[in-house]
Amino acid sequence: MAEKHLIAAVARRFEGMTRTERIAKIRKLAAASPDDRKFIRQTFPDLYREAFLSRRPVAGARSESGRRRARSGAPR
């Protein structure tokens, strides 16, 4: 199976889940190894943000750089 087909199949599967199920599955997949976590962060950035980033404002959220960092999910 080609990588893009696998990615599309995984994305479709996660779309059908509830938010809590999706977050639990993403966290479980990412906990397996650092490489898996990196793969999920790069391949499914929106799912990664949903599962790992808090919705609380970051320190310095008034600044544009703080808001940008919070949206991107980039590690500091």
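Residues numbered from 1 in each chain as written. Predicted model: local features only at pLDDT ≥ 70, side-chain atom pairs only at ≥ 80, totals over all residues. Heavy atoms only, no water.

### A closer look at the overall build of the chain
Here is step 1: Secondary structure assignment for the chain yields five helices and zero strands.
Here is step 2: Listing each helix as α and each strand as β along the chain from the N terminus yields α-α-α-α-α.
Here is step 3: Residues counted as buried form 17% of the 76 residues belonging to the chain.
Here is step 4: Here the analysis covers contacts within the chain between residues at least 6 apart in sequence; of these, 38% occur between residues at least 24 apart. (Helix = DSSP H or I, 4+ residues; strand = E, 2+ residues; numbered from the N terminus. Buried < 20%, exposed > 50% of the residue type's maximum accessible area, 1.4 Å probe, protein only. Contact = heavy atoms within 4.5 Å.)

### Focus: helix α4 (residues 45-52)
Every α-helix carries 3.6 residues per turn, so stepping three or four residues along brings you back to the same face.
Here is step 1: Along α4, the positions that sit buried rather than exposed are Leu47, Tyr48 and Ala51. Relative to the axis of α4, the buried residues are bounded by an arc of 100° and lie together on one face.
Here is step 2: Those residues of α4 that are buried lie in contact with α1 (3-15), α2 (19-31) and α3 (34-43). (Arc of directions from axis to C-beta.)

### Observations regarding the nonpolar core
Here is step 1: Core analysis: the largest hydrophobic core is formed by 10 residues, namely Phe14, Met17, Ile23, Ile26, Ala30, Ile40, Phe44, Leu47, Tyr48 and Ala51.
Here is step 2: Those elements that place two or more of their residues in this core are α2 and α4.
Here is step 3: Excluding residues within four positions of it along the chain, Ile40 makes contact with Ile26, Leu29, Ala30, Pro45 and Tyr48. (Core = buried A, V, L, I, M, F, W, Y, C linked by side-chain atoms within 4.5 Å.)

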